[in-house]
Amino acid sequence: MTDHHQTNIMTLTRYVLEEQRQHPDATGDLTVAMNSVQLGCKFVESCVRKARLVNLVGLAGNTNVQGEDQKKLDVLSNEMFVNALKASGKFSFMVSEEVDDIIFVPESLRGKYCITFDPLDGSSNIDAGVNVGTIFGIWRLPSGPRATIDEILVPGSEIIAGGYCMYGSSCNLVLTFGNGTVEGFTLDPAIGEFILTHPDIRIPPKGKIYSVNEGNSMYWDDATRSYFDSVKYPSPESGLKPYSARYIGSMVADVHRTLLYGGVFAYPADRKSRSGKLRILYESFPMAFIIEQAGGRAITGTQRVLDLVPTHIHDRCPVFLGGTEEIAQVEAAFASHASWV
Ligand code: P6P
């Protein structure tokens, strides 16, 4: 029987179902949960795509917990995700970058998972048409629907699913369930399905690109400065060429390029932000999980990001993520130079 590829497509829904079948004790709850995540991403993609047409960009007049101006798309995206995830009946708690406090799901709809998400990360770039994205992480609550909020502030290594959806020239959803593989899907708007286009993504151990906001370099500690100097000004005897600099200022876009091409992405601690800028629960943990499952590493400079335990839902941490050889070089710089981490 000839396998007519175009009639036997691996959609995200089918992939999640097949993943469920790998676990005899699976109840299908995560499958339903992932469908609500998919719905949120498809909705945001359609809004971002037509944002400039229906004037959805521009300030919504209020600010979020980070004190940043909330753009209309932020508000819309957050509401869509909260409603879709609540309606799934698979989550008891949610943490959103756009909401000050923990979002409690009504008793009748509580489930055994907690989800943390940034509904529209990089949104300050929307007006310029730069790629933005949704980042999410899913944790299983030991006490299920009866869980208390202390079950959210656990080591990042407890995460069971992590992913992002990037809204750009195409819509790419990248996901891992911690089974050692990272899968990339592309939305086919004609049928409204995410199709597997990048199976088993592996990050190169070493690349040629560094990605950091050098506008903060005067505030860096010695270790951070020493690391970036080592890739910008390689010693003549090393025979190495300087890395290229690529920084979009939208984490999903910068991490996606790093995942596919290799190199290092960083948001280091600096004198202005001693814990860095990126939020642990819904930026650093999901991205660290993806990079590790793709064969790379993610550290604060001195410790593994996924070993951190946040004390507050909007805590931040410094992040260096990339291929194993890149991160070994970061570690060496932090081992031999003063740092705040
Ligand atoms: P900076 C976007 O606001 C964001 O949270 C991430 O998407 C991005 O990596 C970072 O901030 C950019 O921060 O200070 O370099 O503009």
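Residues numbered from 1 in each chain as written. Predicted model: local features only at pLDDT ≥ 70, side-chain atom pairs only at ≥ 80, totals over all residues. Heavy atoms only, no water.

A.B. asks: So what's going on with the pattern of salt bridges? Residues and values would help.
C.D. replies: Here the structure, examined in full by the defined rule, presents 14 salt bridges. Between Asp-29 and Lys-90 there is a salt bridge; the shortest N-O distance is 2.9 Å. Placement of the pair is Asp-29 in helix α2 (residues 29–50) and Lys-90 in the loop between α3 (72–88) and β3 (91–96), with a sequence separation of 61 residues. The same class applies to Asp-29 as to Lys-90, namely buried. For Lys-206, the salt bridge identified is with Glu-326, shortest N-O distance 3.7 Å. (Salt bridge = Lys/Arg side-chain N within 4 Å of Asp/Glu carboxyl O. Helix = DSSP H or I, 4+ residues; strand = E, 2+ residues; numbered from the N terminus. Buried < 20%, exposed > 50% of the residue type's maximum accessible area, 1.4 Å probe, protein only.)

A.B. asks: Describe the packing of helix α1 (residues 12–21) against α2, listing the residues and the values that go with them.
C.D. replies: The description of two helices packed together rests on the angle between their axes and the distance between the axes. Here α1 crosses α2 at 160°, and the two axes come no closer than 10 Å. Relative to α2, the element α1 lies roughly antiparallel. Two packed elements cross with a definite hand, and for α1 against α2 that hand is right-handed. For the pair α1 and α2, contact is made by Leu-12, Thr-13, Val-16, Leu-17 and Gln-20 and by Thr-31, Met-34, Asn-35 and Gln-38, respectively. Of the residues that constitute the contact of α1 with α2, the class distribution is 4 nonpolar, 5 polar and no charged. (Axes fitted to C-alpha atoms, helices over the stretch in contact; angles between N-to-C directions. Parallel < 35°, antiparallel > 145°, perpendicular 65-115°, else oblique. Left-handed = near helix turned anticlockwise from the far one by under 90°. Contact = heavy atoms within 4.5 Å. Nonpolar A, V, L, I, M, F, W, Y, C, P; charged D, E, K, R; others polar.)

A.B. asks: A description of the nonpolar core should follow, citing residues and the corresponding values.
C.D. replies: Counting residues in each nonpolar core, the largest one holds 43 residues, and the members touching the most others are Tyr-164, Leu-259, Leu-281, Phe-285, Met-287 and Leu-321. When contributions to this core are tallied by element, the ones reaching two or more residues are β3, β6 (132–140), β7 (159–167), α5 (251–261), β13 (264–267), α6 (280–293) and β15 (319–322). Per-element accounting of this core gives the leading share, 9 residues, to α6. If we skip the residues at most four places from it in the chain, Phe-285 touches Trp-139, Val-154, Pro-155, Gly-156, Ile-159, Ile-280, Val-305, Leu-306, Leu-308 and Pro-310. Core analysis: the next-biggest nonpolar cluster, separate from the first, contains 39 residues, Leu-12, Tyr-113, Tyr-167 and Phe-185 among them. (Core = buried A, V, L, I, M, F, W, Y, C linked by side-chain atoms within 4.5 Å.)

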